[in-house]
Amino acid sequence: MLRAGIVGLPNVGKSTLFNALVANAKAEAANFPFCTIEPNVGVVAVPDDRLNVLAKISSSAQVIPARVEFVDIAGLVKGASQGEGLGNQFLSHIREVDAIVQVVRCFENDDIIHVAGSVDPVRDIEIINLELGLADLSQIERRIERTRKLARTSKEAQVEIAILEKIAAALNEGKSVRQVALNADELEIIKPLGLLTSKPIIYGANVSEDDLATGNAFVEKVREVAAQENAQVVIVSAQVESELVELPAEDRADFLASLGVEEGGLKSLINATYALLGLRTYFTTGPKETRAWTIHTGMSAPQAAGVIHSDFERGFIRAETVAYNDLVTCGSMGAAKEKGLVRSEGKEYTVQEGDVMLFRFNV
């Protein structure tokens with residue numbers, strides 16, 4: 001299961017947001033820095049209305065959504081790359097995730113202390129990104145020193161040195177690895193380094209309930225920063241989400257409507273994170289269960305089958321496939337077959353978003 005790390009300065013609402021994400025998580029949320037020291041981990045269902053539609057068509061006894069793992073990582077502070085605020089420990093936790101959700105405080109509240117004494121989302125983002133960049137630069141410089149010795153006799157090492165030096169130059173200019181033009185081969189070479197600023201990022205603009213529907217001037221500042229690296233911004237309100245968790249399901253829509261929104265920011269955040277990680281969904285459905293399966297974009301039918309079980313990939317024969325919209329329009333798998341909408345796909349087929357599949361394989 002792929003992991004997304006929730007990061008940010010202390011007291012920006014990370015743990016409150018995490019608690020709302022996983023609903024039953026026990027991350028402590030308090031009004032002082034370093035409340036979270038060890039990372040809290042929660043598995044979150046990816047909201048997908050298509051599941052219930054398919055379950056109704058198949059009269060499924062069970063519905064199983066796709067899932068993403070979120071990690072609540074303790075607040076970073078200025079100097080974290082040099083060990084401030086237990087920074088090295090926290091940075092190692094970030095290194096272990098696949099994507100970053102950077103929570104940025106976009107609300108005023110005199111009762112909640114800001115570690116820097118004032119609310120300034122651009123400054124906060126720069127502090128986090130600078131510390132991540134400095135940590136990457138330190139790692140790159142050490143790697144260059146070790147690789148330079150090998151480069152005297154190894155062409156592979158010479159290629160790696162060139163890539164590392166290109167990245168180091170960008171980091172020294174205050175850029176992230178995400179902003180460095182690297183081809184697929186170059187990305188593969190640096191992948192084992194787990195560079196922090198190479199990880200895809202979403203900015204979660206944490207606002208008060210009054211600004212959830214429209215955003216505010218702080219949010220616009222976050223969008224300006226995010227646009228520089230084509231990152232996405234999702235407006236969330238940790239305050240609202242924590243209140244929603246306490247409400248009965250039937251009362252949540254009314255509460256959100258009173259705030260001028262149809263849904264909270266968590267659904268958007270979860271779906272955006274899922275897409276950010278380059279993930280897609282296909283479905284299996286029947287009387288026993290309707291289930292969403294997670295695959296990477298571009299996976300072939302055998303690879304998608306292997307997500308269910310390795311035997312499915314090894315013994316793959318074919319996949320009976322129908323597009324979600326076609327199945328729903330027809331109302332049943334039988335009707336879809338009669339209209340010729342259920343296809344028999346072979347090993348070369350690339351699975352599409354929303355495919356409903358049944359695999360045929362040899363044991």
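What you see as residue numbers is a count from 1 along each chain, following the sequence as written. Note on the predicted model: pLDDT of at least 70 is required for a residue's local features to be given, and 80 or more for side-chain atom pairs to be given and counted; whole-chain, interface and lining totals, by contrast, use all residues. By convention in this description, side-chain values take in all heavy atoms of the structure and omit both hydrogens and water.

1. Regarding the overall build of the protein chain
Thought 1: The numbering of helices and of strands both runs from the N terminus, where a helix is a DSSP run of H or I of at least 4 residues and a strand a run of E of at least 2. Within the protein chain one finds 14 helices and 12 strands.
Thought 2: For every residue, the accessible area obtained with a 1.4 Å probe (protein chains only) is divided by the maximum for its type, and the residue is called buried under 20%, exposed over 50%, and partly exposed between those limits. By the burial criterion, 49% of the 363 residues in the protein chain qualify as buried.
Thought 3: Intrachain contacts of the protein chain at a sequence separation of at least 6 include 68% that bridge at least 24 residues.
Thought 4: Throughout, the Shrake-Rupley method with a 1.4 Å probe supplies accessible areas, and for residues the shown protein chains are the sole cover considered. On the protein chain, roughly 17700 Å² of surface is accessible, and the fraction owed to carbon and sulfur atoms is 49%. Contact between two residues is taken to exist if any of their heavy atoms lie within 4.5 Å; hydrogens are not considered.

2. Some words on the pairing of strand β4 (residues 67–72)
Thought 1: Of all 6 residues that make up β4, 5 are buried, and the element is covered over most of its length.
Thought 2: Paired strands are those between which DSSP finds at least two bridges. Pairing of strand β2 (residues 40–45) with β4, which is carried by 6 bridges, proceeds in the antiparallel orientation. Residue V43 lies in a different strand from β4, and its bridge partner there is E69.

3. Observations regarding helix α5 (residues 155–172)
Thought 1: In a regular helix each residue adds 1.5 Å, so 18 residues correspond to 26 Å; α5 covers 26 Å between its end C-alpha atoms and thus fits that length.
Thought 2: Listed in full, the buried residues belonging to α5 are A157, E160, I161, I163, L164, I167, A168, A170 and L171. Between the first and last residue of a helix there are one fewer steps than residues, each counted as 1.5 Å, and that sum is the expected span.

4. As for unusual backbone geometry
Thought 1: Of note in the backbone geometry, S59 takes a positive phi value of approximately 55° without being a glycine.
Thought 2: Along the chain, the position of S59 falls in the loop between α2 (50–58) and β3 (63–64).
Thought 3: By relative accessible area, which is 57% here, S59 ends up exposed.
Thought 4: With phi around 55°, N230 is a residue other than glycine that occupies positive phi space.
Thought 5: Considering the arrangement of structural elements, one finds N230 in the loop between α7 (217–227) and β7 (232–236).
Thought 6: For N230, a relative accessible area of 74% gives the class exposed.

5. Let's talk about the pattern of salt bridges
Thought 1: One side-chain nitrogen of Lys or Arg within 4 Å of one carboxyl oxygen of Asp or Glu is enough to make a salt bridge. All told, the structure shown has 17 salt bridges when counted by the stated rule.
Thought 2: E165 is the partner of R148 in a salt bridge, and the nearest nitrogen-oxygen pair spans 3.7 Å. One end of the pair, R148, is in helix α4 (residues 121–150); the other, E165, is in helix α5, with 17 residues separating them in the sequence.
Thought 3: Its relative accessible area of 39% is what places R148 among the partly exposed residues.

6. Looking at the environment of L164
Thought 1: Residue placement: L164 occurs in helix α5.
Thought 2: Overall, L164 belongs to the buried group, its relative accessible area being 0%.

7. Thoughts on the nonpolar core
Thought 1: Throughout, nonpolar core names a set of buried Ala, Val, Leu, Ile, Met, Phe, Trp, Tyr and Cys residues whose side chains join them through atoms within 4.5 Å. In terms of nonpolar packing, the biggest core is built from 72 residues, with L21, F70, I94, Y203 and L269 touching the most fellow members.
Thought 2: Non-local contacts of Y203, meaning those with residues more than four positions away in its chain, are made with Q102, V104, I125, N129, V222, A226, E229, A231, Q232, V233 and V234.

8. Regarding the sheet that holds strand β5 (residues 99–105)
Thought 1: If you walk across this open sheet you meet the 6 strands as β2-β4-β1-β5-β6-β7, and the pairing is mixed. With one partner strand each, in any of the chains shown, β2 and β7 form the two edges of the open sheet. On average, each strand axis in the sheet is inclined to that of its neighbour by 25°, with strand direction left out of account.
Thought 2: Against the sheet, α4 engages β5 and β6 (201–206), with an angle of about 145° to β5.
Thought 3: Interaxial angles span 0 to 180 degrees and are taken between N-to-C directions of axes, which are lines fitted to C-alpha atoms, for helices over the stretch in contact. Sheet strands in contact with α7 are β5, β6 and β7, and its direction is about 160° off that of β7.

9. Structural notes on the side chain of E186
Thought 1: Structurally, E186 can be placed in helix α6 (residues 184–190).
Thought 2: Any pair of nitrogen or oxygen atoms within 3.5 Å is treated as a polar contact; in protein, a donor-acceptor pairing is required on top of that, and neighbouring residues in sequence qualify only through side-chain atoms on both sides. At 3.4 Å, the side chain of E186 forms a polar contact with the side chain of K166.
Thought 3: Aside from chain neighbours lying at most four places away, what touches E186 is I163, K166 and A181.

10. With respect to the environment of L134
Thought 1: One can find L134 in helix α4.
Thought 2: Classification of L134 as partly exposed rests on a relative accessible area of 35%.
Thought 3: Taking the C-alpha atoms as reference points, L134 and N172, 38 residues apart in sequence, are found 8.5 Å from one another.

11. Things to note about helix α10 (residues 265–276)
Thought 1: In a regular helix each residue adds 1.5 Å, so 12 residues correspond to 16 Å; α10 covers 16 Å between its end C-alpha atoms and thus fits that length.
Thought 2: Considered for burial, the residues of α10 that qualify are G265, L266, L269, I270, A272, T273 and Y274.
Thought 3: At the C-terminal side of α10, G278 shows a positive phi close to 70°.

12. Concerning the confidence of the model for the protein chain
When pLDDT is low, close inspection of the predicted coordinates is not appropriate.
Thought 1: Across the protein chain, the average pLDDT comes to 86, with 90% of residues at 70 or higher.
Thought 2: A residue's pLDDT is the confidence the predictor assigns to it, expressed on a 0 to 100 scale. In the model, residues 24–37 has pLDDT below 50 throughout and makes 40 contacts with residues more than four positions away in sequence or in other chains.

13. Notes on the packing of aromatic side chains
Thought 1: Only rings of Phe, Tyr and Trp enter the pairing, Trp through its six-membered ring, and a pair is recorded when the two centres are within 6.5 Å. The plane angle decides the type: under 30 degrees is stacked, over 60 is edge-to-face, the rest tilted. Counting across every chain of the model gives 4 aromatic pairs.
Thought 2: With centroids separated by 5.8 Å and ring planes inclined at 85°, the aromatic side chains of Y282 and F359 adopt a geometry described as edge-to-face. Of this pair, Y282 sits in strand β8 (residues 279–285) while F359 sits in strand β12 (residues 355–361), and the two are 77 residues apart along the sequence. Assigned by exposure class, Y282 and F359 land together as buried.
Thought 3: Between F283 and Y324 the ring centres are 6.3 Å apart and the planes differ by 45°, which places this aromatic pair in the tilted class. Here Y324 lies in helix α13 (residues 324–330) and F283 lies in strand β8, a separation of 41 residues in the sequence. Comparing F283 with Y324, the two get one shared label, buried.
Thought 4: Grouping aromatic residues by their ring pairs yields a cluster made of Y282, F316 and F359.
Thought 5: Seen from the ring of Y324, R50 lies directly overhead, with NZ or CZ sitting 5.9 Å from the centre.
Thought 6: Its end group placed over the ring of W293, R291 keeps NZ or CZ at 4.2 Å from the ring centre. Whether a charge sits over a ring comes down to the Lys NZ or Arg CZ being within 6 Å of the ring centre and within 35 degrees of the ring normal.

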